[in-house]
Structure formats: C-alpha cells, structure tokens
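Below are the chains, spelled out letter by letter.
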Protein chains: 2
Amino acid sequence: MSPTSELLTSSPSVVAVGAGMFADAVDAQGVPTSRVDWQPPMDGTAADLATVAADPLRAEANARAVAAVLAVQADLVDVVPAGELLGLGPSDFLHAGPPITWERASGPMRGALMGAAILEGLVDDADAAEALFASGTGYTLDPCHHHDAVGPMAGVVSASMWMFVLEDAASGRRTYCSLNEGLGKVLRYGAYGPEVIEKLRWMSGVLGPVLQSAVRATGRVDVTGVLAQMLQMGDEAHNRNRAGTLMLLRDVVPAMVTSGHDASDVADVVRFVGGNDHFFLNLAMPACKLALDAARGIEGSTMVVAMARNGTDFGIQVAGTGDEWFTGPAQVADGLFLGSYGPGDANPDIGDSAITETAGIGGFAMATAPAIVRLVGGSVPDALATTRRMAEITLAENPRWSIPVLEFMGAPTGIDVSKVCRTGILPQINTGMAGAVAGTGQVGAGLVTPPASIFPAALAALASRTRGRA
Amino acid sequence: MSPTSELLTSSPSVVAVGAGMFADAVDAQGVPTSRVDWQPPMDGTAADLATVAADPLRAEANARAVAAVLAVQADLVDVVPAGELLGLGPSDFLHAGPPITWERASGPMRGALMGAAILEGLVDDADAAEALFASGTGYTLDPCHHHDAVGPMAGVVSASMWMFVLEDAASGRRTYCSLNEGLGKVLRYGAYGPEVIEKLRWMSGVLGPVLQSAVRATGRVDVTGVLAQMLQMGDEAHNRNRAGTLMLLRDVVPAMVTSGHDASDVADVVRFVGGNDHFFLNLAMPACKLALDAARGIEGSTMVVAMARNGTDFGIQVAGTGDEWFTGPAQVADGLFLGSYGPGDANPDIGDSAITETAGIGGFAMATAPAIVRLVGGSVPDALATTRRMAEITLAENPRWSIPVLEFMGAPTGIDVSKVCRTGILPQINTGMAGAVAGTGQVGAGLVTPPASIFPAALAALASRTRGRA
C-alpha cells in the first residue's frame, strides 16, 4: 500500500503544535493526540534569527563551545586572601553582576559595600561608609566577573576576605569565590551590623587559614565530581548545597585535623561549615564559571557564558560577543517569604549565582532537588517540567551531571540565545531574596527569570557580527 | 434524573479490576477505562483471612501498633564493646536472622563465625574454628534479635566488637548494632582472612574508642531525624547510606577533634567513616528495630515487626504473635554481580538489614534513591512503582519519612500480614549478595522477596489466636 493510501485507510493519530483548540477538537473525536508546546518567536527577532541561523560558523562554534565547557575539570586547589590573590587594596571592592555605580546600586549592594569598608578599616561606621561611596572617589568598584571571580547575592569582595581558588589542570585557568557566611544577618544579603563584621573577622582569622592548611595538605578536591554526586543527593547546587557541603567536609577534615591548628579552632570550623548548608555554593559557582569561561570568545557561538545580577541590572554575556554585557532591569522573584516579610520588602534579583543555571544546574536541575521546590514555592511536577523545559533552550545535556529521576538525563547545559528568542522560553533561576533596604538581610527565596529584552539584544549583536563577516 | 436513568443516558466510564481482557475490550470501544491491579488471595488463606478480618481486636490493635512505631525517637547515645554491653564472653556469638545451628548455616555465616572466633582468640586458625563449631559445644550461638540487636549480612557479633547504642528517651528502651566494616573482604560477607581480622582489631582498638568519646561528648544524635533527611538526599538507608554517613560525621566530628585522642587516629577515623558510604546502615537498622519493637506483643495486631535472614531461613515476627518466628527458605536475589561472579556464586538472602524494609525504608523507599536502582538492576519507573506498590500492603505512611519525588508521600510503614495474603504482593527488599562459599565476601547486589509461604503461616497463627479468644 502506498503511504498516501495508508493515511486514508488507517486510524489517524494527530500531533498538535501550539494553541490547544485544534487538539481539543480532535480529542473530542476520540483520536489519539500528542500536544507540542509552541509559541511564536520573541517580537522583532525574526530577521536576526534568520541571519544567525544562516551563520556558517554557528553550528561548529556552538559544538566547540559545548565541548570546551564539558571538558573543564574544576578542582579546589587553594584558599587565599583576596588582597594577595587579586591584588586588592583596602579601598578596592568587587561586586556581583554587570558593572554598577554607587548611585544606581540597590539597598543590599550598598549595605554590603558599607560593611566591607568597615571590615577593611577604611571607615569607622556606616555613615562614614555611605559618605565615602557617595563621594565617588577614594575607592574602586568592579564586577567579580572582570577578575575571574563570582560572588553570591551582593557578591562584595574586599582585600581581607579569603577566597577559594579553583583550577582546570589541563588549561591552568583559575577562578575564585569568597567563603560563604551562612544564613541570617550576613553581608551578602546587605546586612552590615557588628555581628556581621565580627563573623567576617573570624572567617579571615580562623576559617580561611584552617581551610588553607587543609586544602594544601589534601591536594586537589574534585569539585566537578562532587557536583555530579550532589545531583544524586537532592542538591541542585544553587539553593540547596547540603550534600556538597558534607562531601567537602569529608574530603578536607582529615587533613584539617592533623594541620597543627588549635583543636578548638578546627572544631569551630567543622561546626561552622557543617552548620551551613550553603557553604558549597561558593565552590559550585566558581566551578561553573571555570567551565563556562572555556567558551568565551568563540566567534559565531550563540551560547550564554554568564548570567549575573547586581540588584539593579540583570546582565548576560555570550560566547560569540566577547565580554560585552547585555543588560535589562532585574526582576523581583516570585516565592516564599521569611517571617513577616512580603513581596514589597524584596530587592530585585541579585548575585552572580545564576552562573549555576548558566552551566545547567540550579533552577535548570530543579528535578534533582524536589525537597527544595516547596522552599521556593513550587511543586514536584513543576520541578520535573522545569528541567525538561530548559532542555528546549540549551545546546546539550551534560553527561557527567545526570539527573536520576529523569532517567539519568544530563543537566540541560549551554543556553542558546537563538533558542530563547525562537521559543520565548526564559531561563529559570531559583534564588534567595535580599531585603530592599540596606542592612535587612534575607527576606525569602523564590523563582525568577531574566528580563526578556536582553536576549533579543544579544541576538541583534550576534546577527550584526554575522553580517559583518559576510 | 434518577441515578439509574443517568447511567443509561450519560457516557459510561469503566473501572476494570484484575485481568486485562475486559478492559481491553472496553478500551477498543473508546470508553475511558481505569485499570485496577488485583490478584486473588494466596492459596488456602481465605478462611484465615475471614477470621482475622472479623477479629474485634484487629483494627484498634493495628492502630496502636502503628502509633507506637511512629512515636519512637531513636537517638545514638553511646558506643560500647559488645562484651560489656551484652555480657558476651569470648565464646558467645550472635548472628543475623532467626535461630540457626552450625550444621544448617550457610557459607558466609560459617565464614563470619570462624573469623569472629579467631578475632576473640578462641582458636588460632580457620581449621580450628571449623572444628570448634562443628563439635557443637564450647560456644553459644544466638540471634541478634534475641538480644535487642541487629546485624547486617551474617550479622556476627562477638565480645570485642564495639556496638552503637540507640535509645528511645520516652521509654528508655535501647537497641544495638555493631560498627560497619566497609566493603570488600569483610566479616559480614563471610570473609575471614588476615586483612579482615586486622581491620576488626583496628575497629576495636581505635574506631570504637574514638567514636565513644565523640558520641559521649556530643550528646544524643537524632538518628530518626537523620533518616528523614536521608530520604531527601537520595539514600533509602539500606543499600545507600551516603548522606546519612556524612551527616553522622558532621554531627560527631567537632567533639572528636577536641576529644584528646591522637590527631592521626582521629584523622584515620574520619577517613574510614567518610570512605564507607554504608557506615550509617548500622545506625539505620537499630533505629528501625527500636521503632518496630514498640509494637511487639500487641494482641490482635497483624503488623510485621521483624523480617530477618540467616542465609538459610527467612523469618518474620508479627506484633500479635509474640516472639514466634515464621520461617521459610531464603531466596537468592535477582540483580547485578561484581566482576566475574554470577548467580551460581550467590548465597541465599542473609542479614537483619531487612528491618529497614519492615520499617518502611530500604526497598520500600526505592523511589527516594533512583541513583541505586541501576546498582540493583532496576529502572527509575520500577523504583517509583515499587514504593507505590508497598503502600498496598502496609498500614500507614510515616509522616516523618516523606519521599519528595512522590509528592512527599510518607514511607509505606507497617507490613500487614493479612494485606500480603489478600493481595499476594510480597515485601520488596534490596540487598547485598554474599558469596555462597565461606571466605568469598560480596558478589553482588539485587532485589529479593521473602518466601511467600511464611505469610500464610503467620496468618494461620493469628487466626488461631483470634479463634482462641472467641
């Protein structure tokens, strides 16, 4: 029988794309129907999508970008003060997200900068700190990302803060991240009171040195491998890092015990790290940056290599457009609030931690962490659906980071600017929420997306380069 | 309209129970069909099922049994040598499962007993050990379960082995379990070579004392609570205990560091525990026994309070039948084998570790540990289906032990002998496999069920008591 006559004589089965009315009508006639989600491309992107789709470099550039990212092996190799590591003086400050000035900085960013200035002895109190920063002189302010670093929430780094050093042995490239302070009143959420400064001083005086001794004696700690284990242990490595934190302890405690540090200091360090389920976030983030930076500057690649927020702007960088930032207004997350806080208390999205989603974990691996979906206001089916949806806008699955409950599907890795523009599906980020007023601290946790506008902007830049090369 | 006329005028929707032919026929007519699994009761159980179902004590007895089990809070409170704790002399041995003699003991049980006799200095070598045990005199052999204890695999306990002590504060009841040796050539799998004995000597000389100091200084460690966390972290607490082991370290290491023990011993202990993902199994098991023992002796209750195997017999004990064992032949697990081993090398099912399934975790909580389903030869959908199927034969869901991926369903807890007989669904156990030849060690891991016959036997005993009370 010819295929055509077969169509006429056999029972039909229908694939319905997009709006559901046609599928509903066919369903009503008892015909098996598969529904495929579809929505039109983002407004005004049709011409640029066509240009980029026809870019002769694109397919190979994206394949190279994916291969480069997946080949990176991030090892923790050292713990060093930021001053020594990055050459920061007491008046030099790094921050999360794309570049920003004090004038445009949000409450939590200002609060964290004020706290860091007090910590460094640059000023005596918050008023003096505010006056210093408002004066616009006598200090520098630079994104972490411009110094091979990342920072969660406000992401403020100053000279006396110790940083994890991660290295990809094959390339020798390194990335850095500060040490996680735990929850409650902490600098990264914009708090700067005396208890915040006191804890930071203990971190500089005890935690950093003890970790340094332990890591140097232990040798390379395989952070990429720990991340693979975490995805089998309910962590998505952005808002849940409990298993990762415990595995870090397992790996470095033996060397810590025999390091010669005072036993009570070692016990305090184990208690501090073990009591802070987020401690490993500050290793997950630089591991993700180390992987993604391998794809920076690949001409023709439409892969996102960074998503970062400074509390005012949300910015992305793309492999094929060098170090240019495409920015739009950071959104307020939708989620659950601590105590009596509500949506009116929350600052817009802040932090470099969306580097985890950029690499395929965090919100992209929500399926692996059903235990946190309630924390950010979602349900288990939402979590499974989110991970599957992110596969629609990414270039690859990461075979090392497999998600057991989705039949060991690899984490959806490598956000493709053109897929985002073509589908209108925005990257899903799960995040903590800082109080909008400087000094408040954390007010909640929830789900957020980037502002849609930044993807057509990045696409336009990619299309312009494509045309320039034609 | 009357309900009857409604039936005639509205579209039918059909619920089909049992064999699929009727459902297939209705399906073919385009009628929505819900299929309900059903199979006939186990052979010969109809009369006993009717008797037990009509027992006026049953409903309330089972409610009391469930409430008693769920109310138990298991805390780790001490670590003590078995000799001191249980009054064992050097020629007294405990073993897993229901009572057994040397003559009927399997290879791995014999191997473990021989190793323990060497460890205790009772004999000089394996030949002398074999002769001693074969003589039938000069030693005692008793189930762990008869001494408030449990042991994984061969479960052999002798005087110089240290044991965890768990306590339910409200009742003061205690249960015990030996310390886990890790994988490879280990006593519990029937190996007894010099490296096995050497490790056991280190465990008695260093591991036990360091853990004792740490636990005594830490205070009560909430094992029931750690188990709740484990189910959110990919552990089902029988064949996967990685997160639990790490949480134990987190809780006791600070006190271990300041215990005054030699730093290199402390480091060795952390390395040993951290390198043995099964270490927490030996806390999960006595926590489950502590919970289930709360229901022992409740007249009229059809709830299973222990499932245990000695490598020859599989036995269960039931709340409403005192300490009587109902036994049948232990089965060989179906699963995956290490190296060149195959099904012919495997000993039948062995160990007290099925106490985890009896309490609702292990194979009953496979849905929470998709990462291990491959290890035991299953798939993720199998794992989800298994947990749902176990809910068919259990009396309750444990609200403290919730399974995130099944929308936070509680672990299916309290196997009901009458539900097993009525449905024919057997409890699902996942387990390690020991080599059948004494001295071999582990050969694989897989899935196994109890012999079906022991449930009708227990039901008959329950029915007989019901009739006796009538």
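For the structure itself, consult the block above.
Reference entry: report on the structure contained in this document. As a convention, each chain's residues are numbered from 1 in the sequence order in which they are written. Here chains are named by letter from A upward and ligands by number from 1 upward, in the order in which they appear as written. Reporting of local features is limited, given that this is a predicted model, to residues whose pLDDT is at least 70; pairs of side-chain atoms are given and counted only at 80 or more, and all residues count toward the totals for whole chains, interfaces and linings.

### Regarding the interface of chain A and chain B
Often, the extent of an interface is quoted as the loss of accessible area upon association of its parts.
Thinking step 1. Counting from both sides, the interface comprises 27 residues of chain A and, opposite them, 27 residues of chain B.
Thinking step 2. A run of H or I in DSSP counts as a helix once it spans at least four residues, and a run of E counts as a strand once it spans at least two, with each numbered from the N terminus. Every element with two or more residues in the side of chain A that touches chain B is listed here: helix H10 (242-257), helix H11 (263-274) and helix H14 (370-373) of chain A.
Thinking step 3. When residues in the side of chain A that touches chain B are grouped by element, the largest group, nine residues, is from H10(A).
Thinking step 4. For this scheme, ten residues count as nonpolar: Ala, Val, Leu, Ile, Met, Phe, Trp, Tyr, Cys and Pro. Four count as charged, namely Asp, Glu, Lys and Arg, and the remainder, Gly too, count as polar. Its residues placed into classes, the side of chain A that touches chain B shows 17 nonpolar, six polar and four charged. Two residues form a contact once the distance between their C-beta atoms, set from the backbone, is within 7 Å.

### Section: the environment of A:Met114
Residues and elements named next belong to chain A.
Thinking step 1. As for its position among the elements, Met 114 is in helix H6 (residues 107-119).
Thinking step 2. Look at Met 114 and you get buried, because 26 C-beta atoms sit within 10 Å.
Thinking step 3. For the pair Met 114 and Phe 133, spaced 19 residues apart in the sequence, the C-alpha separation amounts to 8.1 Å.
Thinking step 4. With near-sequence residues (within four places) excluded, Met 114 lies in contact with Ala 126, Ala 129, Glu 130, Tyr 192 and Ala 438. Burial is judged by counting the other C-beta atoms within 10 Å of a residue's own C-beta: 20 or more makes it buried, 12 or fewer makes it exposed, and any count in between marks it as partly exposed, with every C-beta position built from the backbone.

### Comments concerning the packing of helix H9 (residues 223-230) of chain A against H10(A)
Residue and element names in this part refer to chain A.
Thinking step 1. Direction vectors running N to C along H9 and H10 enclose 135 degrees, while the axes themselves pass 9 Å from each other. On the basis of their axis angle, the class for H9 and H10 is oblique. Where H9 crosses over H10, the two elements pack in a sense that is right-handed. Together, Val 226, Leu 227, Gln 229 and Met 230 of H9 and Ala 243, Gly 244, Met 247 and Leu 248 of H10 make up the contact between the two elements.
Thinking step 2. Each residue belonging to the contact of H9 with H10 can be placed in one class, and the counts come to six nonpolar, two polar and no charged. Note on geometry: axes are C-alpha line fits, over the in-contact stretch for helices, and angles between N-to-C directions span 0 to 180 degrees. With respect to orientation, any angle under 35 degrees is reported as roughly parallel, any angle over 145 as roughly antiparallel, any angle of 65 to 115 as roughly perpendicular, and every other angle as oblique. Each crossing gets its hand from how the near helix is turned against the far one by less than a right angle, where anticlockwise is left-handed and clockwise is right-handed.

### A short note on the relation of the copies chain A and chain B
These two copies of the chain differ by a rotation about an axis and a displacement along the same axis.
Thinking step 1. In this comparison the copies share one frame, found by least squares on the C-alpha atoms of residues holding pLDDT of at least 70 in both. Between the two copies, chain A and chain B, the superposition gives an RMSD of 0.0 Å; the rotation angle is 180 degrees and the shift along the axis is 0.0 Å. Look at the turn and shift together and you get a two-fold axis relating the two. The position closest to the rotation axis in chain A is occupied by the C-alpha of A:Met233, lying 2.1 Å away.
Thinking step 2. Most of the interface of chain A is mirrored in chain B, where 100% of its interface residues again form contacts.

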